[in-house]
Every structure is written in C-alpha cells, then in structure tokens.
Amino acid sequence: QVTLAESGGGLVQAGGSLSLSCVVSGSIFSINAMGWYRQAPGKQRELVAAISILGSITTYRDSVKGRFTISRDNAKNTVYLQMNSLKAEDTAVYYCNAGYYGGSTYYPTNWGQGTQVTVSS
C-alpha cells in the first residue's frame with residue numbers, strides 16, 4: 001500500500017504563487033513516477049504534471065507550461081509542484097499521485113486525498 005500526503009494548498013491572488021508538496025510512504029519500491037492531477041467543480045479531473053523518479057521524464061499540460069514546475073527529492077520521497085503566475089482557472093483540488101510511465105505517457109495508480117488551491121481575482 002502506498003500513502004501520499006499533500007500539503008501547501010491555500011488561497012492566493014491571481015498572479016501569485018504557491019508550492020505544493022507530497023510525501024509518499026509505504027511500498028515505494030513499486031513507484032517509478034509521481035504526478036499531480038487537479039479537478040475543478042463540474043469539470044473533469046486532468047493531469048497537471050508528472051515526473052519520473054530515476055530518469056529525466058517530465059510531463060506538463062499545455063495550460064501550465066511556463067508557469068508550473070514539477071520537481072522531486074528522492075531522498076525525501078517528496079514531489080513538489082511550484083505554481084507561479086496563478087490564474088483563476090487554476091482553482092481546483094490538486095491531487096498528488098504515484099504511478100509509472102509507459103513510454104512518454106504517465107499512468108497514475110495511487111492517489112492522495114487532495115489539497116484545495118483557490119486563486120482569487
């Protein structure tokens with residue numbers, strides 16, 4: 001069993017920044033990638049970013065490229081999402097997840113509980 005614990009969500013003004021953290025514990029030997037999804041009310045859950053654990057693969061959805069950066073600290077079993085130039089459309093519950101890459105595609109397999117990010121105009 002893999003457990004993920006997110007932190008760092010909150011309320012921020014448009015144009016501001018937030019940094020999310022996610023610590024993974026449990027059966028971490030099976031994890032080779034981690035990522036972030038988000039879900040806004042009434043909308044589909046969507047991939048925000050993902051990163052491989054031992055390699056150099058990263059994935060970003062087009063709407064966050066140039067604004068968000070995913071990074072990891074393997075020694076701390078932690079993945080981060082630095083979010084800059086936030087927009088109201090970024091408002092969502094952000095979910096940390098663990099998974100794997102199949103080629104260039106990220107597949108989530110384990111999910112955190114989510115952390116709310118609210119961007120005010």
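Peer 1: Go over the overall build of the chain with me, naming the residues and quoting the values.
Peer 2: Along the backbone of the chain there are zero helices and eleven strands. Along the chain, helices and strands appear, N-terminal first, in the series β-β-β-β-β-β-β-β-β-β-β. A compact globule built from 121 residues should have a C-alpha radius of gyration of about 14 Å, and the chain, at 13 Å, falls within 12% of that. Counting only C-alpha atoms, the chain reaches 40 × 30 × 25 Å along its principal axes. Within the chain, the fraction of its 121 residues that count as buried is 42%. Within the chain, contacts between residues separated by at least 24 positions form 53% of all contacts whose residues are at least 6 apart in sequence.

Peer 1: Before we move on, could you go through the nonpolar core and cite the residues and values that matter?
Peer 2: Of all hydrophobic cores here, the largest spans 28 residues; its most connected members are Met 34, Trp 36, Leu 81, Met 83 and Tyr 94. Setting aside chain neighbours within four positions, we find Tyr 94 in contact with Glu 6, Leu 20, Trp 36, Tyr 37, Arg 38, Val 48, Phe 68, Leu 81, Met 83, Gly 114, Thr 115 and Val 117. By size, the runner-up hydrophobic cluster in this structure holds six residues, among which are Tyr 37, Leu 47, Ala 50 and Tyr 106.

Peer 1: Give me the sheet that holds strand 3 (residues 18-26): which residues, what numbers.
Peer 2: Pairing between sheet strands relies on hydrogen bonds along the backbone, with the strands arranged either parallel or antiparallel. Here four strands make up an open sheet; going across it, the order is 1-3-8-7 and the pairing antiparallel. Two strands in the sheet have a free side with no partner beyond their single neighbour: strand 1 (2-7) and strand 7 (68-73). On average, each strand axis in the sheet is tilted by 20° relative to the strand beside it, whichever way the strands run. Summarising the sheet, strand 7 and strand 8 (residues 78-83) pair through six bridges and their orientation is antiparallel. Looking across to strand 8, one finds that Phe 68 is bridged to Met 83.

The rules behind each value
The residue numbering used here restarts from 1 in each chain and proceeds along that chain's sequence as written. Local features in this predicted model are restricted to residues whose pLDDT is 70 or higher, and side-chain atom pairs enter the listing and the counts only when it is 80 or higher, whereas totals over whole chains, interfaces and linings include all residues. Computation of side-chain values covers all heavy atoms of the structure but excludes hydrogens and water. Per the convention used, a helix needs a DSSP run of H or I reaching at least four residues, while a strand needs a run of E reaching at least two, with both numbered from the N terminus. The globule rule is 2.2 Å times the number of residues to the power 0.38, and the radius of gyration it is compared with is taken over C-alpha atoms. Throughout this description, buried means an accessible area under 20% of the type-specific maximum (1.4 Å probe, protein chains only), exposed means over 50%, and partly exposed covers the range between. Any two residues having at least one pair of non-hydrogen atoms within 4.5 Å are treated as being in contact. Each nonpolar core is a collection of buried residues, namely Ala, Val, Leu, Ile, Met, Phe, Trp, Tyr and Cys, held together in the definition by side-chain atoms within 4.5 Å. Paired strands, in this sense, are two strands between which DSSP finds at least two bridges. To define axes, lines are fitted to C-alpha atoms, for helices over the stretch in contact only, and angles between the resulting N-to-C directions are given on a 0 to 180 degree scale.

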